Amino acid sequence: MKALDRKLLRDLRLMWSQALTIALVVGSGIGGFITSLSAVDSLALARDRFYADGRFADVFGTVKRAPDALAATLRELPGVAEVQTTVEQVVRVEIPDVPDPVIGQLVGIDLRGTRSLNRVIVASGRALAPGHGDDTIEVLVSEGFAQARGLRPGATLRALINGRQRTLRMVGTALSPEYIFAGLWGMPDQRGYGVFWLDAEALAAAYDMRGAFNRIAVRLAPGASEPAVIDTLERQLAPYGSRVVVGRADQTSHSMLDNEIKVQRVLGTVLPAIFLGVAAFLLNVVVTRLVATQREQIAALKALGYPNRRIGVHYLEMVLLIVAAGLVLGVLLGDRLGRLFTALYAEFYHFPSFGHRITPDLLLLSTAITVATAVAGTLGAILATVRLAPAEAMRPPAPGRYRRTLLERLGIQAMPAALRMVVRNIERRPLRSVLSVGGIAAAVAIVVLGNFFRDSIDAIVDTQFSLALRSDIAVWMLEPADNRLRHDMARLPAATQVEATRFVQVTFVNGPRRERGMIRGYAGRAELYRVIDADNRELLLEGRGLVLTDRLAAKLGVQVGDPLRVEVLEGRPRTLELVVGATVREMMGLNAYMDRAALNRVLGDGDLADGYVLSVERGRENELLEASKKVPRIAGAFSKANMLRNMEEISARNVRIMSTIMTTFAVIIAVGVVYNNARIALAERGWELASLRVLGFTRAEVSALLLGELALMILVALPLGMALGWGLTHLIAESLKSDQFYFPAVVRARTYAWATVAVLAAGIASALIVRRRIDRLDLVAVLKTRE
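Overview of the structure. (Residues numbered from 1 in each chain as written. Predicted model: local features only at pLDDT ≥ 70, side-chain atom pairs only at ≥ 80, totals over all residues. Heavy atoms only, no water.)

## Digging into the overall build of the protein chain
Here is the rule: The helix and strand labels rest on DSSP assignments: H or I over at least four residues marks a helix, E over at least two residues marks a strand, and numbering proceeds from the N terminus. Buried, partly exposed and exposed residues are distinguished by accessible area as a fraction of the type maximum, computed with a 1.4 Å probe on protein chains only: under 20%, between the cut-offs, and over 50%, respectively. Residue contacts follow a heavy-atom distance rule, with two residues in contact if any of their heavy atoms lie within 4.5 Å. A 1.4 Å probe and the Shrake-Rupley method give the accessible areas. Residues count as covered only by the protein chains that appear here. Neither His nor the chain ends contribute to the count of charged residues, in which Lys and Arg are positive and Asp and Glu negative. One atom stands in for each charge, and that atom is NZ of Lys, CZ of Arg, CG of Asp or CD of Glu.
For the protein chain, the helix and strand inventory stands at 22 helices and 22 strands. On the principal axes, the C-alpha backbone points of the protein chain span a range of 100 × 60 × 55 Å. Looking at the protein chain as a whole, 53% of its 787 residues qualify as buried. Long-range pairs, those at least 24 residues apart, make up 82% of the contacts in the protein chain between residues at least 6 apart in sequence. Of the roughly 34100 Å² of accessible surface on the protein chain, a fraction of 57% belongs to carbon and sulfur atoms. Averaging the coordinates of the 94 positive side-chain charges in the protein chain and doing the same for the 76 negative ones gives two points 9 Å apart.

Pasting the structure below:
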């Protein structure tokens, strides 16, 4: 073994604890990078593979009723490669001995032909068989719903199909690229919403839809323009009650998947950058200190003929060994956490095959980032060794220049001697002190960021389900009905208050700008279903005319007071000229609102409603839900309490996992920064501390001088870290903003408190370790210094 190699191993053995903390910081950064991106790559790969195998459509449309013969006409349209028509309906489903309401999406399958688009793959059990009884229908059930409800082939359910109770017999579970994510209105409620595939003939017969369809899926020809095809389809389907035609980007399942991939790519970029920046700083501090303590050795090596390049490579090798250990830890950690994240994804997104993998490209990129971190952190120190002349290195470094502190220069003289020494020593090395504070602040920010999602989800739930939707039960009809039905709703057992709603599918037009959407008709002075902005303020609809969300108004290029053309897509063709009465900043979607009475007036339809929200006596929700089944026009119902409970069962656990991982990473950073700074300070000031001990200072007083610096830096870093965390949450929230969703940047006091506790605990633990070293200081050995 060469002499420099032996020196390298000896140096690493002497500084093993510092090397370990740096390797852990590097490993956390690389681990977070690989975790996020490998899980996202696995998710995207499973999605793309399933889309290809399942022949996922590009455009989706809904109509009231159109003849099957129209499909042939649509196939001839420019840009259209394939067309598939189906009958689909939303119904109420009952599980035996389960009072919770369930919404079912019935999808008809042609068992006598091949499904060309959005193919259904049997995951367990068997496929559907042709033929059906009068009251019992075979169904395939979406895998997520079946797993959440513990359903197995052979299970039976009841469904209210076109006003008639029918028995659904489950023969298996199934998957489809159209329902990789299946949740009511985009909510992660797999217990309350399921997809049921059944014989198309049975479904068409039940709804008198033989020879007709109400859903269409289109595959585009290569090179076709999606907007142009959607525009053509809208015109062709308009006479048949076209309600919505959207591209793949706006399809619910794909939109949820795409948003999750976007979130993880952002997190997989921001967080590792923080970790690796801290690692580069720690490497710089450690190597700089090592070079300073080995000046005589460097001079001797140069005097013995070792070239500058070889000496520089020697120190670079030491750094690369440290970060290589961090890389190995990061890859192992990333693989383990990546598998955990993939398993969590599998509970929401369902594929025929979904496994975790780390691509070779990701490993190469991780290696390159690790090497870049090592070089960036140590280049300055290594160049210093190369430039150091032998004669210069033989002399001890020039003593530091001391002067009054900034506080003293500002006239603040009443400082204890110990505090004055602490402040002066911090000011001696301003760059190191600033970077140390920055590293600790980064740890605080990471804890804030890790818990920010919990705060934001809580804010969304509080706004949407406590302030906006104040009712307990919501019911809806397939078609608008006379509002006299509200009297039947009010007579349901335990109902204490009822409000009618009406939702109308429209196209908003302002010059060349067009946006498909929905006008939501609520009570003018609503009590149960209110419009609440992002600042939790209520907006009354009475007398305001048309109200748009700020994002929808921006996309249409309109302001308050501007006229807006509205093309109604339901019932008879109508075009309305409305005035934008107000805008509102909301969290969810491109929404539009009107007073329901005013909406009915401009539509000229009379007093119509297509849904009701009800307030119910506490503990009697199930009684009301059961009674509502006897109201013929009600097609579906849901309980707010059940939906919240189902969502929180999943979200609470996932947020807890995320918080634990991020807090652990933050503690590693805090320990790395505090411990390394303390060790380096001890090495640099050992002679000074030993001298104070000889002069009569106690161990506690000597420790206070050294650890006081760390305490002061932590105290400065805490508010800076909170501010940095606040800024990062706003940056990420803004980067995740989309037309459908606005993630509020909310950080609650409990998150700041938890970040403070976590970082303080890490700092105290590191300080106690260094305190033990101070107590064991060998005074004689330390004081043997050369003059």
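## Quick look at empty space enclosed by the protein
Worth spelling out the cut-off: A 1.4 Å probe that fits but cannot get out identifies a cavity on a 1 Å grid over protein atoms alone, an open set with protein on both sides within 12 Å along at least five of seven lines counts as a pocket, and a residue lines either if it has an atom within 4 Å of a point. Grid points are joined across faces, edges and corners, and a volume is the space filled by probe spheres set on the points.
Going through the model one piece at a time under the given rule, you end up with 5 cavities of 30 Å³ or more. Within this model, the second largest cavity holds a volume of roughly 130 Å³. Surrounding the second largest cavity, 13 residues form its lining, G32, S36, L271, M662 and F665 being those nearest its centre. At the level of elements, α2 (16-53), α7 (252-293), α9 (308-348) and α19 (640-694) are the ones that each hand at least two residues to the lining of the second largest cavity.

## Digging into the packing of α2 against α7
Our working definition: Structural elements are reduced to axes, namely lines fitted to C-alpha atoms, with helices fitted over the stretch in contact, and the angle between N-to-C directions of any two is expressed from 0 to 180 degrees. Roughly parallel refers to an angle under 35 degrees, roughly antiparallel to one over 145, roughly perpendicular to one between 65 and 115, and oblique to any angle outside these ranges. In this scheme, a crossing is called left-handed if the near helix is turned counterclockwise away from the far one by less than a right angle; it is called right-handed if the turn is clockwise. Residues are grouped as follows: nonpolar covers Ala, Val, Leu, Ile, Met, Phe, Trp, Tyr, Cys and Pro; charged covers Asp, Glu, Lys and Arg; every other residue, Gly included, is treated as polar.
Contact geometry of α2 with α7 gives a least axis separation of 9 Å together with a crossing angle of 160°. The orientation of α2 relative to α7 falls into the category roughly antiparallel. Seen along the crossing, α2 lies across α7 with a hand that is left-handed. Tallied by class, the residues present in the contact of α2 with α7 amount to 21 nonpolar, 8 polar and 5 charged.

## With respect to the side chain of N483
What counts, and what does not: Polar contacts here mean pairs of N or O atoms no more than 3.5 Å apart (in protein, one a potential hydrogen donor and the other a potential acceptor; neighbouring residues in sequence count only if both atoms are side-chain atoms).
For N483, the position within the fold is in the loop between β12 (473-482) and α15 (485-490). Given a relative accessible area of 3%, N483 falls into the buried group. A polar contact is formed between the side chain of N483 and the side chain of Y612, at a distance of 2.9 Å. Excluding anything up to four places from it in sequence, N483 contacts A500, R596, D607, L608, A609 and Y612.

## Some remarks on the packing of helix α1 (residues 3-14) against α9
Orientation of α1 relative to α9, taken along the N-to-C sense of each, is 40°, at an axis distance of 10 Å. Taken together, the axis directions place α1 and α9 in an arrangement best described as oblique. Judged by the sense of rotation from one axis to the other, the crossing of α1 with α9 is right-handed. Where α1 abuts α9, its residues L4, D5, K7, L8, D11 and L12 lie against R310, H314, Y315, E317, M318, L321 and I322. Tallied by class, residues from the contact of α1 with α9 come to 7 nonpolar, 1 polar and 5 charged.

## Description of the nonpolar core
This is how the line gets drawn: What makes a nonpolar core is a set of buried Ala, Val, Leu, Ile, Met, Phe, Trp, Tyr and Cys residues whose side-chain atoms join them at distances within 4.5 Å.
Counting 127 residues, the largest nonpolar core has Y315, M318, I322, Y349, F351 and I669 as the members making the most contacts within it. Those residues in contact with Y349 that sit more than four places away from it in its chain are L43, I180, F181, M256, L257, E260 and F354. Among the nonpolar cores identified, the runner-up in size contains 25 residues, and F145, L151, A159 and L168 belong to it.

## Re unusual backbone geometry
We note that N118 has phi near 50°; this positive angle belongs to a residue other than glycine. Positionally, N118 belongs in the loop between β4 (98-109) and β5 (121-125). The backbone phi angle of N536 is positive, close to 65°, even though this residue is not glycine. Looking at N536, the relative accessible area reads 40%, which means it is partly exposed.

## Considering helix α18 (residues 621-628)
Filter applied, for reference: For this quantity, the arc is that covered by the directions from the helix axis to the C-beta atoms.
Among the residues of α18, E621, L624, L625, A627 and S628 are the ones counted as buried. Looking straight down α18, one finds its buried side chains confined to an arc of 165°; they lie on one side.

## With respect to the sheet that holds strand β2 (residues 80-86)
Here is the rule we go by: Pairing between two strands requires that DSSP report at least two bridges joining them.
Pairing in this open sheet of 4 strands is antiparallel, and the strands run β2-β10-β1-β11 from one edge to the other. Here the strands that pair on one side only, and so sit at the sheet edges, are β2 and β11 (244-247). This sheet shows a mean twist of 25° between the axes of neighbouring strands, independent of strand direction. Of the strand pairs in this sheet, strand β1 (residues 59-67) and strand β10 (residues 212-220) are connected by 6 bridges, and their pairing is antiparallel. Residue pairing in the sheet places F60 in a bridge with A217 of β10. Its contacts with the sheet place helix α6 (residues 226-237) against β1, β2, β10 and β11, and it is angled at close to 165° to β11.

## Topic: a nonpolar patch on the surface
Here is the rule we go by: To count toward a patch, a residue needs a relative accessible area above 30% and no salt bridge. Like charges then connect within 9 Å, nonpolar side chains (Val, Leu, Ile, Met, Phe, Trp, Tyr) within 5 Å. Salt bridges are defined as contacts in which a side-chain nitrogen from Lys or Arg sits within 4 Å of a carboxyl oxygen from Asp or Glu.
Together, L320, V371, V375, L379 and L383 line one region of the surface with nonpolar side chains, adding up to about 340 Å² of accessible area. Counting residues per element, the nonpolar patch draws most heavily on helix α10 (residues 360-387), at 4 residues.

## With respect to the pattern of salt bridges
Under the counting rule described, the total for this entry stands at 33 salt bridges. Of the charged contacts in the structure, one is a salt bridge between E234 and R516, with a shortest N-O distance of 2.4 Å. In this pair, E234 is assigned in helix α6 and R516 in strand β14 (residues 513-522), connecting sequence segments 282 residues apart. Its relative accessible area of 14% is what places E234 among the buried residues. The class for R516 is partly exposed, based on a relative accessible area of 21%. Put simply, R565 and E567 hold a salt bridge, and the shortest N to O gap is 3.6 Å. Connected via shared salt-bridge partners are D533, D535, R537 and R585.

## Observations concerning the packing of aromatic side chains
Which entries qualify depends on this criterion: Two aromatic rings, drawn from Phe, Tyr or Trp (for Trp, its six-membered ring), form a pair once their centres lie within 6.5 Å of each other, and the interplanar angle then sorts them: stacked below 30 degrees, edge-to-face above 60, tilted otherwise.
By the definition in use, this model includes 12 aromatic pairs. Residues Y345 and Y349 carry aromatic rings whose centres are separated by 6.2 Å and whose planes lie at 55° to one another, so their mutual orientation is tilted. Each member of the pair Y345 and Y349 is classed as buried. Here Y522 and Y529 contribute two aromatic rings whose centre-to-centre distance is 4.4 Å and whose plane-to-plane angle is 20°, an arrangement assigned as stacked.

## Some thoughts on the pairing of strand β20 (residues 592-595)
The side-chain alternation of β20 yields two buried faces, one formed by A592 and M594 and the other by Y593 and D595. Strand direction decides the pairing type here: β14 and β20, joined by 4 bridges, are parallel. Paired with I519 across the two strands is A592, which belongs to β20. Across 2 bridges, strand β17 (residues 546-549) lies against β20 in antiparallel orientation. Considered in β20, the bridge of L548 is made with A592.

## Comments concerning the environment of T756
Secondary-structure assignment places T756 in helix α21 (residues 749-775). Residue classification places T756 among the buried residues on the basis of a relative accessible area of 16%. Here the alpha-carbon distance between T756 and L344, two residues 412 residues apart in the chain, equals 29 Å. When neighbours within four sequence positions are excluded, T756 is seen to be in contact with L718 and M722.

## Observations concerning the environment of L552
For L552, the location among the structural elements is in helix α16 (residues 550-556). Since its relative accessible area comes to 1%, L552 is described here as buried. Counting along the chain gives 38 residues from L552 to L590, while the straight-line C-alpha distance between them is 5.0 Å. Beyond its immediate chain neighbours, meaning those up to four positions away, L552 contacts F508, E515, L590, N591 and A592.

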